[in-house]
Every structure is written in structure tokens, then in C-alpha cells.
Amino acid sequence: MFEVLDYPFMQRALLAALLIGAAAPAVGIYLVQRRQALMGDGIGHVALTGVALGFLFNANPVWMAVAVSAVGAVGMELLRSSGRARGDVALAMLFYGGMAGGVMIINLAPGGSTANLTSYLWGSVTTVSPEDITAILWLSAFVLLISLGLRRQLFAVCQDEEFARVTGLPVRALNLLLAVTAAATVTVAMRVVGLLLVSALMVIPVVAAQQATRGFAVTLAAAICFGVLVSVSGTVTSYYADVPPGATIVLIALGLFALASLLALPLARRRARRALPAQAPAPATVPAARP
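Here we summarise the structure given alongside this text. (Residues numbered from 1 in each chain as written. Predicted model: local features only at pLDDT ≥ 70, side-chain atom pairs only at ≥ 80, totals over all residues. Heavy atoms only, no water.)

All right, on to the side chain of Thr49 then. Position of Thr49 among the secondary structure elements: in helix α2 (residues 39-56). By relative accessible area, which is 13% here, Thr49 ends up buried. When neighbours within four sequence positions are excluded, Thr49 is seen to be in contact with Val68, Gly97, Gly98, Gly101, Gly102 and Ile105. (Helix = DSSP H or I, 4+ residues; strand = E, 2+ residues; numbered from the N terminus. Buried < 20%, exposed > 50% of the residue type's maximum accessible area, 1.4 Å probe, protein only. Contact = heavy atoms within 4.5 Å.)

Further remarks concern unusual backbone geometry. Where the residue is not glycine, phi is negative for most of them; where a peptide bond is considered, it is trans in most cases. For Arg35, which is not glycine, the phi torsion reads 60° and is therefore positive. Relative to the assigned elements, Arg35 resides in the loop between α1 (8-33) and α2. Judged by relative accessible area, Arg35 falls into the exposed class, the value being 76%. Located in the positive-phi region is Asn58, a residue other than glycine, with phi close to 55°. Mapped onto the fold, Asn58 is located in the loop between α2 and α3 (61-82).

The next thing to look at is the pattern of salt bridges. Inspection of every chain in the model, using the stated rule, returns two salt bridges. The closest approach of N and O atoms between Arg34 and Glu161, which form a salt bridge, is 3.2 Å. Here the residue Arg34 occupies a position in the loop between α1 and α2, and Glu161 occupies one in helix α8 (residues 161-166), the gap between them amounting to 127 residues. The exposure class of Glu161 is partly exposed, given its relative accessible area of 22%. Residues Glu162 and Arg165 are paired through a salt bridge, measuring 3.2 Å at the closest nitrogen-oxygen approach. Of this pair, Glu162 and Arg165 both sit in helix α8, three residues apart, roughly one helical turn. (Salt bridge = Lys/Arg side-chain N within 4 Å of Asp/Glu carboxyl O.)

It is worth spelling out the packing of α1 against helix α11 (residues 216-241) at this point. Their axes nearest at 8 Å, the elements α1 and α11 cross at an angle of 150°. With respect to α11, the axis of α1 lies roughly antiparallel. Along this stretch, α1 crosses α11, giving a crossing that reads as right-handed. Between α1 and α11, the contacting residues are Phe9, Met10, Ala13, Leu14, Ala17, Leu18, Gly21, Ala22, Pro25, Ala26, Ile29 and Tyr30 on the first element and Phe216, Thr219, Leu220, Ala223, Ile224, Gly227, Val228, Ser231, Val232, Thr235, Val236 and Tyr239 on the second. For the contact of α1 with α11, the per-class residue count stands at 19 nonpolar, five polar and no charged. (Axes fitted to C-alpha atoms, helices over the stretch in contact; angles between N-to-C directions. Parallel < 35°, antiparallel > 145°, perpendicular 65-115°, else oblique. Left-handed = near helix turned anticlockwise from the far one by under 90°. Nonpolar A, V, L, I, M, F, W, Y, C, P; charged D, E, K, R; others polar.)

Here Asp132 lies in helix α6 (residues 130-149). Using a relative accessible area of 10% as the deciding quantity, one classes Asp132 as buried. Not counting residues within four places of it along the chain, the set of residues in contact with Asp132 comprises Val62, Thr127 and Arg191.

Taken together, the side chains of Leu79, Val89 and Met93 define a hydrophobic patch exposed on the protein surface, amounting to about 220 Å² of accessible area. Following the sequence through the fold, Val89 ends up in helix α4 (residues 87-108). (Patch = residues over 30% accessible without salt bridge, like charges linked within 9 Å, V, L, I, M, F, W, Y side chains within 5 Å. Areas by Shrake-Rupley, 256 points an atom, 1.4 Å probe, with all protein chains shown as cover.)

Once that is clear, we can look at the packing of aromatic side chains. For the structure shown, the criterion picks out five aromatic pairs. With 5.8 Å between their ring centres and 45° between their planes, Tyr7 and Phe9 make a pair best called tilted. Here Phe9 falls in the partly exposed class, since its relative accessible area comes to 28%. Relative to Phe216, the ring of Phe155 has its centre 4.7 Å away and its plane inclined at 40°; by these criteria the two rings are tilted. Separated by 61 residues along the polypeptide, Phe155 in helix α7 (residues 151-159) and Phe216 in helix α11 bring together distant segments of the chain. (Phe/Tyr/Trp six-rings, centres within 6.5 Å; stacked < 30°, edge-to-face > 60°.)

On to α1. Given 3.6 residues to a turn, an α-helix orients residues that are three or four positions apart in the same direction. Between the first and last C-alpha of α1 there are 38 Å, a value that for 26 residues agrees with the 38 Å anticipated at 1.5 Å per step. With respect to burial, α1 is a largely interior element, 19 of its 26 residues being buried. Arg35 sits one or two residues past α1 and shows a positive phi near 60°. (Expected span 1.5 Å × (residues − 1).)

The next subject is α3. With 22 residues, α3 ought to run about 32 Å at 1.5 Å a step, and its terminal C-alpha atoms sit 31 Å apart, in line with that. All of the buried residues in α3 are Pro61, Val62, Ala65, Val66, Val68, Ser69, Ala70, Gly72, Ala73, Met76 and Glu77.

On to the environment of Val74, then. Tracing the chain through its elements places Val74 in helix α3. Val74 gets classed as partly exposed once you look at its relative accessible area, which sits at 22%. Sequence separation between Val74 and Leu176 is 102 residues; the distance between their C-alpha atoms is 5.9 Å. Apart from residues no more than four positions distant in its own chain, Val74 is found in contact with Leu176, Ala179 and Val180.

In C-alpha cells form, the structure reads like this:
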């Protein structure tokens, strides 16, 4: 079973899966809280333009994708907060503009074609290079530092922006920071699950944890554990079964969600019974006195 650790490429793959499995749900919980679960997909399409720019200028596609997706995420957040476009409209513009820009730019790159984007679209964790590991390590550390270190402030902003503003929190700055953190998470995860599936790793472990936990801190911890579990197990399964790692990770995450939902049903029913008020005893009937 542990023979996978004998190969350097699998060592890098498992390390990347471990880091991304922890980072993706850590920021995904805030997106789920504010009903922006598909934001990762929008940022992923913008990151595709960054990858194409990396090929065009002969630069590192990961760092170029970080820069471009961060700009796109900040732009979307500014549009949403200013009221000039609804959140779904801004997200749609990210989808369409990012995909079109990526396809156009990659065809302008010397010797470039859409085939160069395949490993970034669907993930290729077994081809992670030492340079990719360095980028993933730094970006994952940034994501976890923000997501865990500012969890109280970010939770307050995602729960109720008006209340957070009244309490004196810098709401706009925190929203922009969350957008940049989400962009960093997407570019980190693209080497494992791919840009088209990255949102699943950010969302599914979170909703699976919500089935069986109560309280934000416990849900956050469980989501990170679930993310690590599905990422590492999916990578190992893809090695032995010779199947795509990104799709394997997402399918295992869906299976975990289904299992958590089934196990949570008895717990939910027990909580519902406890929440019901005790029924008052029926009043005793007193026979009417005869005249």
C-alpha cells in the first residue's frame, strides 16, 4: 500500500493533495456561508486566462494565474458591493470573459493550442513539479493564515455585512481579502482537481461537514479534515486504478457527502424531537352536577 511513497512524483502529488485538501474547504466555508458557492468556478475561468498569459510570455503559469484571478475576483467584488451589477451577473461575466480570454490568448502563444490547457482544466496531480510544490506551499500557507487567523471577522462579514459594519469591522477590506484568498485557493487547486472542478473541492467538504456538525468552528475543522481525506484518498485511488485524479477526488467527495447525509438523518430527527415543546396534559373532565 505504501509503495506509492517510493516514487518522487507521487510524494509531490500527495503533498500537493494534502495542502490543497486543507486550504480549499478553509476558504470555501465562507463562500458557502454567503451563498457564493459557484464563485470558485468563476475565478477558475479567469485563472484560465492567467495560465494562457503564462504560456504567451513564457512565465510560470501558476503565478500568472494567481495575479490574473486575483484581479478578476477583486473586480467582481467591487462590482457586487457597488451595486452596479448583481452577484450572479458579475459571476457570469467572469465565466464568459475568462474562458474566452484563455482560449484566445493560448492560440496567440508561440506553439500554443488548447491542448496546453488540458492539465489545468482537469488537473494532473502526478505531473506536479518541485516548482509547483513551492508555489502550492506558499499559497496554501497564505490561504490558511487568512482563513483561520481572521475566522471571526470573516464569519461576521459573511453572516451579516450591515451588523459587521456597525460593529466597526472594515467590511470592504475583508470582502476584498476574501476574494483574493479565494483566487489563491483556485490557482492552488488547479494542479490537483483542475479549474473546471475546483469549486467542488471548496464546497462539497463544507456541506458534508454541515450535515453532522453544529457551530462554525466545529464545521470548519470537520470540513478541513474531509478535504484532506478526499484529496489524499482520491490521489492514491487514481494511482492504483489509473483514473483521472481530479474526477476521482470529486466523486469520493460526493460519496462522502451522501454518507454524511445518511448518517445525519437519525441525529436530525432526534434534535427535532427534542425541540418539540412538551405537550400539556389534557384537562380532566368534571361530570356535570345533576339538578
